[in-house]
Amino acid sequence: MADNTNILSEEKDGILYLTINRESKLNALNFATLEEIRNIFNEVSDNKDIKAVIITGAGEKAFIAGADISEIAELNELNARKFAENGQEIFSLIENCHKPVIALVNGFALGGGCELAMACHMRIASANAKFGQPEVNLGIIPGYGGTQRLTYLVGRGKANELMMTGDMIGAEEAKSLGLVNHVCENKEAALEKAEEIIHKIMAKAPLAIGMVVDCVNSVFIKGENGYQTEANSFARCVKSGDYKEGTSAFLEKRKPEFKGE
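Residues numbered from 1 in each chain as written. Predicted model: local features only at pLDDT ≥ 70, side-chain atom pairs only at ≥ 80, totals over all residues. Heavy atoms only, no water.

Observations regarding empty space enclosed by the protein
Using the criterion set out here, one finds two cavities of 30 Å³ or more in the structure. Quantified by volume, the largest cavity comes out at close to 40 Å³. Lining the largest cavity we find Cys114, Phe131, Gly132, Gln133, Leu150, Leu162, Ile169 and Leu179. Looking at side-chain class alone, the lining of the largest cavity contains six nonpolar, two polar and no charged residues. The computed volume of the second largest cavity comes to approximately 30 Å³. Lining the second largest cavity we find Ile7, Leu18, Ile20, Ile37, Phe41, Ile55, Ile94 and Leu116. Sorting the residues of the lining of the second largest cavity by element identifies strand E2 (15-20) and helix H1 (31-46) as the ones contributing at least two each. (1 Å grid on protein atoms, 1.4 Å probe; cavity = no way out; pocket = protein on both sides within 12 Å on 5 of 7 lines; lining within 4 Å. Points joined across faces, edges and corners; volume = space filled by probe spheres on them. Nonpolar A, V, L, I, M, F, W, Y, C, P; charged D, E, K, R; others polar. Helix = DSSP H or I, 4+ residues; strand = E, 2+ residues; numbered from the N terminus.)

Concerning the sheet that holds strand E7 (residues 122-126)
Within the open sheet, the six strands sit side by side as E1-E2-E3-E5-E7-E10. Their pairing is mixed. The open sheet is flanked by strand E1 (7-12) and strand E10 (182-184), the only strands paired with a single partner. The sheet shows a mean angle of 20 degrees between the axes of neighbouring strands, direction not considered. Pairing of strand E3 (residues 52-57) with strand E5 (residues 101-105), which is carried by three bridges, proceeds in the parallel orientation. Opposite Ile54, over in E5, you have Ile102 as the bridge partner. On top of the sheet, H1 reaches E1, E2, E3 and E5; it is set at about 175 degrees to E2, its chief contact. (Pairing = 2+ DSSP bridges. Axes fitted to C-alpha atoms, helices over the stretch in contact; angles between N-to-C directions. Contact = heavy atoms within 4.5 Å.)

Some details on the environment of Lys244
Checked against the element boundaries, Lys244 lands in helix H11 (residues 241-251). The partly exposed category is assigned to Lys244, whose relative accessible area is 48%. When the C-alpha atoms of Lys244 and Phe258 are compared, they prove to be 9.6 Å apart, with 14 residues separating the residues in sequence. (Buried < 20%, exposed > 50% of the residue type's maximum accessible area, 1.4 Å probe, protein only.)

Side note on a nonpolar patch on the surface
Taken together, the side chains of Tyr152, Val212, Val216, Val219 and Phe220 present a nonpolar region at the surface, about 470 Å² in accessible area. Structurally, Val219 can be placed in the loop between helix H9 (206-218) and helix H10 (226-238). For Val219, a relative accessible area of 60% translates into the label exposed. (Patch = residues over 30% accessible without salt bridge, like charges linked within 9 Å, V, L, I, M, F, W, Y side chains within 5 Å. Areas by Shrake-Rupley, 256 points an atom, 1.4 Å probe, with all protein chains shown as cover. Salt bridge = Lys/Arg side-chain N within 4 Å of Asp/Glu carboxyl O.)

A few points about the nonpolar core
Judged by nonpolar contacts, the single largest core of 46 residues is most densely connected at Phe41, Leu116 and Phe131. When near neighbours in sequence (up to four residues on either side) are disregarded, Leu116 contacts Leu29, Ile37, Ile55, Phe63, Ile64, Phe91 and Ile94. Judged by nonpolar contacts, the second largest core, of 14 residues, contains Ala52, Cys184, Ala194 and Ile201. (Core = buried A, V, L, I, M, F, W, Y, C linked by side-chain atoms within 4.5 Å.)

Section: H9
Note that an α-helix has 3.6 residues per turn; residues three or four places apart therefore point the same way. In this model, H9 (13 residues) spans 19 Å end to end at C-alpha, consistent with the 18 Å of a helix rising 1.5 Å per residue. The inward-facing, buried residues of H9 abut helix H3 (77-95) and H10. (Expected span 1.5 Å × (residues − 1).)

Quick notes on the packing of aromatic side chains
Taken as a whole and assessed by the stated rule, the structure comprises four aromatic pairs. Ring centres 5.7 Å apart and planes at 70 degrees place the aromatic pair Phe31 and Phe83 in the edge-to-face group. With Phe31 in helix H1 and Phe83 in helix H3, the pair connects residues that are 52 residues apart, well separated along the chain. Classification of Phe31 as partly exposed rests on a relative accessible area of 39%. The buried category is assigned to Phe83, whose relative accessible area is 16%. Relative to Tyr144, the ring of Phe91 has its centre 5.4 Å away and its plane inclined at 80 degrees; by these criteria the two rings are edge-to-face. In this pair, Phe91 sits in helix H3 while Tyr144 sits in the loop between strand E8 (130-132) and helix H5 (146-154), placing the two residues 53 residues apart along the sequence. Classification of Phe91 by relative accessible area gives buried; the value is 0%. (Phe/Tyr/Trp six-rings, centres within 6.5 Å; stacked < 30°, edge-to-face > 60°.)

With respect to the side chain of Glu115
Structurally, Glu115 is set in helix H4 (residues 112-119). Here Glu115 is buried and forms no salt bridge, its nearest opposite-charge partner Arg149 lying at an N-O distance of 6.5 Å. Not counting the four nearest positions on each side in its chain, Glu115 is found in contact with Phe91, Gln133, Glu135, Pro142, Gly143, Tyr144, Gly145 and Gly146. (Lys, Arg positive; Asp, Glu negative; His and termini not counted.)

The following block contains the structure:
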């Protein structure tokens, strides 16, 4: 993994741990940090040693408290569109990654931070986590896919309420709405839960996990027939060595040894 200025990375037992490391700025996403995320996920896709990713924020106060306001304040109509499209493109790399990506949300996940968390496949929150899309307070709206993903996750009415008021919600409410998978007592417990889930996933067939990602995402792609995507993905799985291994292991009453082939 290449050296980064704003993101700490550590690879251990197939898991890549990423920490947004701008604690003095509440880990706000600036242009440089976004590009580091892009580069990391481009590498993750091609690195066979990396099986999963956990993303968190440095310190106890914030996962990511939003985008860097000093940079947003300099936007004009022309570069604002590019600003939004760039963020959407980077977060799509996370959403479409064929390896499980879990957001470990500690403290504030606001604006771009909430949007990044929603781009991950799952979200594990510490009890002090706060979620929100407060962009209307700045006279703007979410631009990194937040209007779309929040609506998918919590429904139209609640998404409108949260984005129109700019209100924050706590971890338990976020869980009740389907925004969060699990709430844990603190950051350490949330990490343990994330690792527990990832180790369970890592024992499954990697190709099948990637196909699950494609099929789930197809639900939200306009014009795509998700049922056809499912059938095509099912057929791809059946062509794989992992399919042969999985079915043989089941019939032979042994634990399968998947190779992602």
